[in-house]
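Topology and contacts: notes
Spelled out from the first residue to the last, the chains are:
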Amino acid sequence: MIVEYRVLGPLEVLLDGEQVDVPAGRGRVLLATLLLRPNEFVPVDELVDRVWDGHPPAIDRARQTLQMVVARLRQSLGAANCVRTGTRGYTAEVHDGQLDLTRFRRLTEQGAYREALALWRGPVLADVQSDSLRRDDVPPIEHERIVALERRIDADLAGVTDVLVPELRSLVRQHPDRETFWAQLMLALNQAGQQAEALAVYQEVRARLADELGVDPGARLREAHARVLAGEVPAAAEVPRQLPPAHPHFVGREQELETLTEMLRTRPGEPVVISALNGIGGVGKTALALQWAHQVAGRFPDGQLHVNLRGFDLDADPLDPFAVARDFLLALGVPEGDLPSAGPALIAEYRSALAGRRLLVLLDNARDVDQVRPLLPGGAGNLVLVTSRNRLSGLVVREGARPLAVEVLDDHAATVLLTARIGADRVAAEPQAVARLVERCAGLPLALGIVAARAAYGDLLTTLADELERERLDALDIEDPATAVRAVFSWSLRSVSETAAELFVLLGLHPGPDFGVEVAASLAGLPAARTRKALTELVGGSLLTAVPGGRYTRHDLLRDYAAERAGELPAGPRAEALSRMFGHYLHTTLAAHAILEPLVKWTPLVSPPEPAVSVPIADRSAATAWYDAEFQVLRGVVSSMVAAGEDDLAWRMGYMLHLDLFNRGRLGEAEATELVALGAATRRDDVFAMARLHRSLAGVLIARSDFARAEEQLSAALRCEELLNRPEGLSIVVRGLAYVRELQGRDAEALEVLLTLLPTLAERHVVEQATYQAALGRAYHRVGQDERGLELCRQADALFSGQDRSALADPVTKNRRTIGDILLKLDRPAEAIHHYEVAVEMSRTVRDLPYLAASLVELGTAHLAAGDRTSARAAFSEALSVYEDLGDEKAASVRERISSETNV
């Protein structure tokens, strides 16, 4: 027997392909209401309100009549009946694949938008007469269809697009306020070779938004405009799906799951923030959150974001919310070069990106309210689910979060969990042993999972209960869940091989959050094959978790327990293991850094201790992959090196993290790490290291517009370079000082420092010679000595010409812009245009958007000086789009210039 229920169009019930008659009137409304919330109990009072469309009779009479409506509906449905009664109301019990709405949501979650949309046969419940359904329940589902349609068209834009143009023209008439359809129409026209028509569409929707809503085009329209101007082929929108898999042995928690669903259902049209916590570690908060998130993911067609905030990691700091926002933006498809560097600007960009979407955001393991609050988006379509060991009362008070306490499992639920893991036959055979095991685990799913892993090897449950009871004889409080779980950890560790147990303890020296086979082998001093075998054994005992990419992680309570046991190791073996781990990370990172930054010179470093294992780094791709996999770990390694007294290693590792953290926009983490590294260098009185770290810190502070502190760091670096008597180092620092002063409008002081501290560079320092001359030429220009400035900048360009310009994009582009500025001031616009065009193309190639926008404005200015208003308008228009996408206030001045200076 095959039963199907259809709500995406007229209401239909099919039994083995034949249509089942559904009674008209209240029975039809009742079934429709239940099917829109499949497998959820709908309270009787709410059903009464729906069935009588907001005008029910007296409550007692209404309840009795509702029972009659239910009875007639069940009779009509016959074998296709899905209506079930519960203490909390009624539900439509449907299985996987029976309801078109759940199939639609599953397909959209998988990205199969065309197949999902094919399930629609017309407006939702087109033949069900109910104003309340139309008002409250149908619009969100219709919105899901619109979003799926947008996503399908995004995918179609990668192919032949001329057939999309008529469809999109119809859609913008039907949905004139959906900016996405307008943007897609522009891109389809552009790809079909109709660039002028695409630009006309932009002007049409821009005027409409201004006249009717008083707003400017949103980010999606501005991005499309920029792509049309640049002649780019549009790319499909990113739909992140970051939720980890649900726990394979999740059972129970029906009440909590229902409460979460009720929270979501009772706040339609509002953003929802839920603190799904108030439970101790190991109680199953994350498993519950993931289970429910997967159940409702289909309601959020724009995707799911997930992060472990590491709020209670003893070996590492909680994640910086600004860094998390940056990673989320990258997952949403925002190009890395488009991301702001300042924290508040990142949060503003993150909230703007989420404002027009429907996303589920899971913030797992939060430390406190301050870590969560910046990551709460606006907009009515998003759901934020937070887990934490703390109550996060501030979210409840200020943001209206709905707290949910996650308690330990009761004996029945704990028994159900064990039964699911080891089988009903074994539970039935030894019920008393099961009861003792449940009691010893204190209702903690983490502990129960470890017990189940032990039981999987076939030992009698009575034997396991006896062993576990002996493990806890010395406990001060055998009813304390924390004591219970530690006893389970200790007991389980005794059940694995000696090699696996020793590896588990040594992994307590690792800072987390995850690790690969090579570092585990280095810690243990074992070959990779034996290490893999031991890791597999620990995974089998639920003491580790294997994650994608050949890496491993563990619950934070297990990590804390391992760290405590590692602290009990004798000093000698512990130091040797740390040395091997440090050697693994330092030498592999050094190999990656040497590829990414080949010009950096190092003081000698001893070889890694045997038998530490380094990861081979063959090329730039491998170097980038190393940083991608390990950048969260490496910050913790720096702290571990300091704690172990290995300051020489700590400063090197901290310095090698500078470029990666800087490029990722993690400026707060970069500053914190480099301050730790600088402290290590200072304790060693290592002048070379101090010079490097003062310089790198200055770069971070300049990016944060903290010019006073940046100048302090550069002055300190200058003193170090003078002690070292390194002309190249002096030149770099002096240029930095001049740049900081230029950014503050102190042009005369910038020139003064360049002249006063003019270094003598050897011929082998060609790149630094060129860069210094370019800086000096720019300084002369900014104080009005244009001819001298032009001479120096051209000399610099000649020196650059013999080098690999792709590796010198920043100084070469900056120098070309300076030459253009000088030529324009000298009334030689045709020559200036050439240099600006080179700067534009180089900026476009390396995706340096701020430089690109500035170069375009300068190019437009040169075209105006040459009398070419058409070319000027094109350059200004592209610059405007870039500035608007960056959220840069310079957009207003460019818009004014387009209006006032380029009208032909």
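Every value quoted in this text rests on a predicted model; they were computed, and no experiment measured them.

1. What about the nonpolar core?
The biggest cluster of nonpolar side chains holds 115 residues, and the ones touching the most others in it are Phe504, Leu535, Tyr585, Trp651 and Met653. No other element matches the nine residues that helix H28 (residues 620–643) contributes to this core. With near-sequence residues (within four places) excluded, Met653 lies in contact with Tyr585, Leu586, Thr589, Leu634, Val637, Val638 and Met641. Judged by nonpolar contacts, the second largest core, of 75 residues, contains Val42, Leu77, Tyr90 and Ala116.

2. Overview of the side chain of Arg152
Assignment of secondary structure puts Arg152 in helix H6 (residues 131–156). If sequence neighbours within four positions are ignored, Arg152 has contacts with Tyr113, Arg114, Leu117, Leu164 and Glu167.

3. Some words on the pairing of strand E8 (residues 360–366)
In terms of burial, E8 is a largely internal element, seven of the seven residues being buried. Where strand E7 (residues 304–308) and E8 come together, five bridges link them in parallel fashion. Pairing of His306 across the sheet is with Leu362, part of E8. Two strands pair when backbone bridges link them, and E8 and strand E9 (residues 383–388) are joined in this way by five bridges, in the parallel orientation. The residue of E9 that forms the bridge with Ala366 is Ser388.

4. As for the pattern of salt bridges
Enumeration over the complete set of coordinates arrives at 52 salt bridges. Put simply, Glu630 and Arg551 hold a salt bridge, and the shortest N to O gap is 2.8 Å. In this pair, Glu630 sits in helix H28 while Arg551 sits in strand E13 (residues 551–553), placing the two residues 79 residues apart along the sequence. A relative accessible area of 5% means that Glu630 is categorised as buried. Three or more residues are tied together by salt bridges with common partners; here these are Arg37, Glu46, Arg50, Arg135, Asp136 and Asp137.

5. Examining the pairing of strand E5 (residues 89–92)
Bridge count between strand E4 (residues 83–86) and E5: four bridges; the pairing is antiparallel. Directly across from Thr85, in E5, lies its bridge partner Tyr90. Taking the residues between adjacent antiparallel strands as the criterion, E4 and E5 are bridged by two residues.

6. Details of the confidence of the model for the protein chain
Residues with a pLDDT of 70 or more make up 90% of the protein chain, whose mean pLDDT is 84. The model gives residues 474–478 a pLDDT under 50, and that stretch makes three contacts with residues more than four places away or in other chains.

Cut-offs used in this document
- Residues numbered from 1 in each chain as written.
- Predicted model: local features only at pLDDT ≥ 70, side-chain atom pairs only at ≥ 80, totals over all residues.
- Heavy atoms only, no water.
- Core = buried A, V, L, I, M, F, W, Y, C linked by side-chain atoms within 4.5 Å.
- Buried < 20%, exposed > 50% of the residue type's maximum accessible area, 1.4 Å probe, protein only.
- Helix = DSSP H or I, 4+ residues; strand = E, 2+ residues; numbered from the N terminus.
- Contact = heavy atoms within 4.5 Å.
- Pairing = 2+ DSSP bridges.
- Salt bridge = Lys/Arg side-chain N within 4 Å of Asp/Glu carboxyl O.
- pLDDT = per-residue confidence, 0-100.

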